[in-house]
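Notes for the structure review
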Amino acid sequence: MKTRLILVGSLFMALAVGFGAFGAHIVVDILTQSRFDVYQTAVAYHFYHAIGILIIGVLSATSAKESKWLMWAGYLLASGIIIFCGSLYTLTLTDTAWLGAITPIGGLAFILGWICVAVGSTELW
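A brief report on the enclosed structure follows. (Residues numbered from 1 in each chain as written. Predicted model: local features only at pLDDT ≥ 70, side-chain atom pairs only at ≥ 80, totals over all residues. Heavy atoms only, no water.)

Quick word on the overall build of the protein
Summing up its helical and strand segments, the protein has four helices and zero strands in all. Helices and strands in the protein line up, N terminus first, as α-α-α-α. Across its three principal directions, the C-alpha atoms of the protein cover 50 × 25 × 15 Å. Relative to its full complement of 125 residues, the protein shows a buried share of 38%. Expressed as a percentage of contacts within the protein between residues at least 6 apart in sequence, the contacts between residues at least 24 apart total 79%. Element-wise, carbon and sulfur atoms account for 73% of the exposed surface of the protein, whose accessible area totals about 6800 Å². The centroid of the 5 positive side-chain charges in the protein is displaced by 17 Å from the centroid of its 5 negative side-chain charges. (Helix = DSSP H or I, 4+ residues; strand = E, 2+ residues; numbered from the N terminus. Buried < 20%, exposed > 50% of the residue type's maximum accessible area, 1.4 Å probe, protein only. Contact = heavy atoms within 4.5 Å. Areas by Shrake-Rupley, 256 points an atom, 1.4 Å probe, with all protein chains shown as cover. Lys, Arg positive; Asp, Glu negative; His and termini not counted. Charge placed at Lys NZ, Arg CZ, Asp CG, Glu CD.)

What follows is the structure in structure tokens.
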């Protein structure tokens, strides 16, 4: 589990770079400014939380103790990337407005994930 978080975080980082480059070179010319702003928000949150998964992986790998809280934090941040960022990417690229209704679920996953990091980090002391 410990190194799996580093793998998952690295793969999410690679995807974030890809989505960012796709946005900067292709999407920017086909979206309205407001839809492109939403796309950029998705890319930013994708990066932030992929870095978070990497940090959780490093915390887990360097700790002598296993933390179920950190494991759940990784799952929640990954779920948040898929739901929050994925819904925003899809919403902006397909103009499927109803996807905005599920975006907050991803945001909640981010919040819960960071709370799990806070609780899990206390187990490492």
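Once the structure has been displayed, the description carries forward.
Observations concerning helix 4 (residues 103–122)
A rise of 1.5 Å per residue sets the reference length of helix 4, with its 20 residues, at 28 Å; its end C-alpha atoms lie 30 Å apart and thus fit the reference within 8%. Every buried residue belonging to helix 4 is among Thr103, Gly106, Gly107, Ala109, Phe110, Gly113, Cys116, Val117, Gly120 and Ser121, and all of these are buried. Buried residues in helix 4 make contact with helix 2 (33–62) and helix 3 (68–94). (Expected span 1.5 Å × (residues − 1).)

Re the side chain of His46
Along the polypeptide, His46 turns up in helix 2. Polar contacts involving the side chain of His46 include one to the main-chain carbonyl oxygen of Phe12, which spans 2.9 Å. Discounting chain neighbours no more than four positions away, the residues touching His46 are Phe12, Leu15, Ala16, Phe19, Ile81, Cys85 and Tyr89. (Polar contact = N/O pair within 3.5 Å; in protein donor to acceptor, adjacent residues only side chain to side chain.)

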